Amino acid sequence: MMSQPNARMKGIAPCTFLAMLLLLTAVNLPAQDGRKPISNPTPAYPEIARKLHLAGVVKVQVVITPDGQIKSTKIIGGHPLLVNAVEDTLKKWKYAPSSAETEALLEFNFHP
């Protein structure tokens, strides 16, 4: 059984509706333009994590300013010992300049 079209959608041509839907989808995409890091040192494996044979992944979302500096970080997941190493290292990262602020999701793998 086919459902009735939404009353609000009556009068909107299917082509127009599709164009509006595509436009809204494009606007909601994350602001990533493929910026390349120009200085991205690797986080040091913390000695205590090495002794404990601690392994894992740290995921962090970063906001990058137009001049390439990391403005803010949001930890998505990871062991606190490994997170500290990543946060310390991200202070030294620099990205290529851009015309706007962008976001990136980064992952760091730690294995003993």
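Every value quoted in this text rests on a predicted model; they were computed, and no experiment measured them. (Residues numbered from 1 in each chain as written. Predicted model: local features only at pLDDT ≥ 70, side-chain atom pairs only at ≥ 80, totals over all residues. Heavy atoms only, no water.)

1. Points about the sheet that holds strand S5 (residues 102-110)
Spatial ordering of the open sheet is given by S3-S2-S5, a layout of three strands whose pairing is antiparallel. Of all strands in the sheet, those with a lone pairing partner are strand S3 (70-77) and S5, marking the two edges. The sheet shows a mean angle of 25 degrees between the axes of neighbouring strands, direction not considered. Those strands touched by helix H3 (residues 80-90) are strand S2 (56-64), S3 and S5, and its axis lies near 30 degrees from that of S2. (Pairing = 2+ DSSP bridges. Helix = DSSP H or I, 4+ residues; strand = E, 2+ residues; numbered from the N terminus. Axes fitted to C-alpha atoms, helices over the stretch in contact; angles between N-to-C directions. Contact = heavy atoms within 4.5 Å.)

2. Let's talk about the confidence of the model for the chain
Note: predicted coordinates in regions of low pLDDT should not be interpreted at a detailed level. In this model, the chain carries an average pLDDT of 78, and 71% of its residues clear a pLDDT of 70 or more. Counting contacts from residues 5-9, a segment whose pLDDT is below 50, to residues more than four positions away or on other chains yields one contact. Residue range residues 14-33 is modelled with pLDDT below 50. Its contacts to residues more than four positions away, or to other chains, number ten contacts. (pLDDT = per-residue confidence, 0-100.)

3. Quick word on the pairing of S3
The pairing of S2 with S3 spans six bridges and is antiparallel. Counted as the bridge partner of Val62 is Thr73 from S3. Taken together, S2 and the strand that follows it, S3, pair antiparallel across an intervening segment of five residues, in which Gly68 is found at a positive phi of about 100 degrees.

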